[in-house]
Amino acid sequence: MVLSSLQQPQWVLAARSRSTRARVVSKASQALKSAAAAAQALRGSGGEGGYGGGMEASTSGSGQQHATPMQRYQGGMVSPVGWDYKYVRIPCASPVSPDDTRCLKMEALFQHVLGYPRLPPRVYRHLHNSTASVEAVTSCVEGLSAKYGRELVLYLLRRCPLILDTDVATAVQKADVARSMLDLQPHEIFMILRKNPMLLVLDSVEARARYDRLHRITPLTHEAVKLMVRKYPLVLNSRSETIEAVTERMRHLAYTRSMWQQDFDCISPSLLAFYLRDYADLLLRLEYLALSGESATWTLQQVFKPSNNLFSKKHRGFREWLSVRSARRQQLARRAALAQQERPQQERPQQPEW
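Note that this is a predicted model, so its numbers are computed, not measured.

### Here's the deal with the overall build of the chain
Part 1 of the reasoning: Assigned secondary structure in the chain consists of 17 helices and 2 strands.
Part 2 of the reasoning: A burial count over the chain gives 35% of its 354 residues as buried.
Part 3 of the reasoning: Taking the intrachain contacts of the chain between residues at least 6 apart in sequence as the baseline, contacts between residues at least 24 apart amount to 59%.

This is the structure in structure tokens:
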């Protein structure tokens with residue numbers, strides 16, 4: 001008598017389940033082995049192993065050569081025959097065009113010196129429009145890697161490819177000036193460079209001038225300015241006029257409430273750095289609260305710290321106010337543009353009547 005699956009013991013069903021899983025795993029293993037054997041045969045069909053395997057073209061009866069599948073797949077992503085660079089490029093999926101020998105050499109440089117498999121797309125776009133020679137870029141990457149380590153240099157170059165246009169001596173000198181300006185220990189410059197790679201490109205005199213002016217355009221002392229720049233060194237990338245304008249805008253809004261006024265007069269370097277990092281959104285929050293009167297007991301830190309979603313959930317009318325404000329500003333901009341177009345016509349001298 002044949003029992004149904006509901007009537008069979010549990011150990012029988014469990015055994016059948018294990019047997020089914022074993023057959024599935026066995027079939028999958030055989031499929032992987034077959035695929036690996038086929039790939040090995042394809043690589044070895046053109047000759048003896050290595051990168052040259054499968055790269056020789058087949059010849060038709062008319063004597064015309066045709067590219068093999070491996071040639072079409074790699075698309076010329078190997079070092080050309082006339083390769084004259086000291087680093088040999090390793091084939092990879094790359095953003096570089098096969099006929100761009102200069103960038104292919106830079107990709108080989110990144111592979112061997114920085115240990116990165118391909119040229120980062122952002123770096124490739126920069127090099128494509130840069131006039132720096134291969135020798136200059138090679139010297140820059142090798143020198144910086146020896147000075148700061150390849151992991152840090154790779155991170156800096158991916159964030160700021162402009163560093164490749166600077167020679168090693170100048171870049172190291174600018175980093176030393178920043179370390180001296182911020183009174184850092186030698187090992188602390190690595191953290192500052194990770195936060196702001198532009199310090200290797202920014203003119204040292206300009207960076208020093210911006211730093212010296214911060215204590216005059218912000219409510220911070222010299223020591224507090226130093227702490228703020230250590231926390232947020234990207235502030236040195238902005239023009240002093242911009243920092244002064246956004247700080248003065250916050251001062252005007254903060255002075256609409258006595259609590260905010262006290263917070264602004266004794267603002268901490270950390271909170272001011274947080275504000276300068278995202279001042280556009282934070283100024284809108286201050287403006288909305290000053291006009292609506294909501295959250296009257298909130299300090300500046302309570303206004304700044306929540307995310308945009310949390311702030312919008314707490315203040316339901318904030319997003320609607322933003323939409324109305326944006327529409328109003330667009331309307332004023334259109335009116336100003338129309339007035340600017342009508343003004344030359346009104347000021348145009350009239351032709352005398354004869």
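### So, the packing of helix α11 (residues 240–254) against helix α13 (residues 269–277)
Part 1 of the reasoning: Packing of α11 against α13 brings their axes to within 11 Å, and their N-to-C directions diverge by 110°. In terms of their interaxial angle, α11 and α13 are classed as roughly perpendicular. Regarding α11 and α13, the two cross each other, and that crossing is right-handed. Every residue of α13 that contacts α11 at Ile243, Val246, Thr247 and Met250 is listed here: Leu272, Tyr275 and Leu276.
Part 2 of the reasoning: Grouping the constituent residues of the contact of α11 with α13 by class yields 6 nonpolar, 1 polar and no charged.

### What about the side chain of serine 295?
Part 1 of the reasoning: Relative to the helices and strands, serine 295 resides in the loop between α14 (279–292) and α15 (300–304).
Part 2 of the reasoning: Exposure remark for serine 295: the relative accessible area of 16% places this residue in the buried category.
Part 3 of the reasoning: For serine 295, the side chain forms a polar contact with the side chain of histidine 315, separated by 2.7 Å.
Part 4 of the reasoning: Dropping the residues within four chain positions of it, serine 295 is found in contact with Arg257, Leu289 and His315.

### A word on the packing of aromatic side chains
Part 1 of the reasoning: Counting across every chain of the model gives 10 aromatic pairs.
Part 2 of the reasoning: Ring geometry for tyrosine 288 against phenylalanine 318: centres 5.4 Å apart, planes inclined by 70°, an arrangement best described as edge-to-face. Linking tyrosine 288 in helix α14 with phenylalanine 318 in helix α17 (residues 318–347), this pair joins segments that are 30 residues apart in sequence. This pair shows no difference in class: tyrosine 288 is buried, exactly as phenylalanine 318 is.

### Digging into a positive patch on the surface
Part 1 of the reasoning: A cluster of basic residues, Arg122, Arg125, Arg159 and Arg194, forms a positive patch on the protein surface.
Part 2 of the reasoning: On the accessibility criterion, arginine 194 (40% relative accessible area) is partly exposed.

### Some remarks on the pattern of salt bridges
Part 1 of the reasoning: The final tally for this structure, using the stated rule, is 12 salt bridges.
Part 2 of the reasoning: Measuring nitrogen to oxygen at the nearest pair gives 2.6 Å for the salt bridge that ties arginine 89 to glutamate 107. Pair noted here: arginine 89 is in the loop between α2 (69–74) and α3 (101–114) and glutamate 107 is in helix α3, with a separation of 18 residues, a long-range link. With respect to class, arginine 89 is no different from glutamate 107; both count as buried.

### Let's talk about unusual backbone geometry
Part 1 of the reasoning: At aspartate 183, a position not held by glycine, the phi torsion is positive, near 55°.
Part 2 of the reasoning: Taking the relative accessible area as the measure of exposure, aspartate 183 reaches 52% and is therefore exposed.
Part 3 of the reasoning: Of note in this structure, serine 295 is not a glycine but carries a positive phi near 50°.

### Section: the packing of helix α9 (residues 204–217) against α11
Part 1 of the reasoning: It is the contact of α9 with α11, at a shortest axis distance of 10 Å, that shows an interaxial angle of 20°. One element, α9, and the other, α11, form an angle in the roughly parallel class. In the packing of α9 onto α11, the handedness of the crossing is right-handed. Here Arg210, Arg213, Leu214 and Ile217 of α9 lie close against α11, whose contacting residues are Ser240, Glu241, Ile243, Glu244 and Thr247.

### Focus: the side chain of histidine 315
Part 1 of the reasoning: Structurally, the position occupied by histidine 315 is in the loop between α16 (308–314) and α17.
Part 2 of the reasoning: For histidine 315, a relative accessible area of 1% corresponds to the buried category.
Part 3 of the reasoning: Once residues lying within four places of it in the same chain are set aside, the contact partners of histidine 315 are Tyr288, Leu289, Glu294, Ser295 and Trp298.

### Quick look at the environment of glutamate 206
Part 1 of the reasoning: For glutamate 206, the location among the structural elements is in helix α9.
Part 2 of the reasoning: Sequence-wise, glutamate 206 and arginine 239 are 33 residues apart; in three dimensions their C-alpha atoms are separated by 9.4 Å.

### A few points about helix α7 (residues 168–181)
Part 1 of the reasoning: In this model α7 runs 20 Å from its N-terminal to its C-terminal C-alpha over 14 residues, within 8% of the 20 Å that 1.5 Å per residue would give.
Part 2 of the reasoning: Count one or two residues on from α7 and you reach aspartate 183, which has phi positive near 55°.

### Considering the environment of glutamate 151
Part 1 of the reasoning: If you trace the backbone, glutamate 151 turns up in helix α6 (residues 150–159).
Part 2 of the reasoning: Sequence separation of glutamate 151 and leucine 114 is 37 residues, and the distance between their C-alpha atoms is 7.1 Å.

Calculation notes
Residues numbered from 1 in each chain as written. Predicted model: local features only at pLDDT ≥ 70, side-chain atom pairs only at ≥ 80, totals over all residues. Heavy atoms only, no water. Helix = DSSP H or I, 4+ residues; strand = E, 2+ residues; numbered from the N terminus. Buried < 20%, exposed > 50% of the residue type's maximum accessible area, 1.4 Å probe, protein only. Contact = heavy atoms within 4.5 Å. Axes fitted to C-alpha atoms, helices over the stretch in contact; angles between N-to-C directions. Parallel < 35°, antiparallel > 145°, perpendicular 65-115°, else oblique. Left-handed = near helix turned anticlockwise from the far one by under 90°. Nonpolar A, V, L, I, M, F, W, Y, C, P; charged D, E, K, R; others polar. Polar contact = N/O pair within 3.5 Å; in protein donor to acceptor, adjacent residues only side chain to side chain. Phe/Tyr/Trp six-rings, centres within 6.5 Å; stacked < 30°, edge-to-face > 60°. Patch = residues over 30% accessible without salt bridge, like charges linked within 9 Å, V, L, I, M, F, W, Y side chains within 5 Å. Areas by Shrake-Rupley, 256 points an atom, 1.4 Å probe, with all protein chains shown as cover. Salt bridge = Lys/Arg side-chain N within 4 Å of Asp/Glu carboxyl O. Lys, Arg positive; Asp, Glu negative; His and termini not counted. Charge placed at Lys NZ, Arg CZ, Asp CG, Glu CD. Expected span 1.5 Å × (residues − 1).

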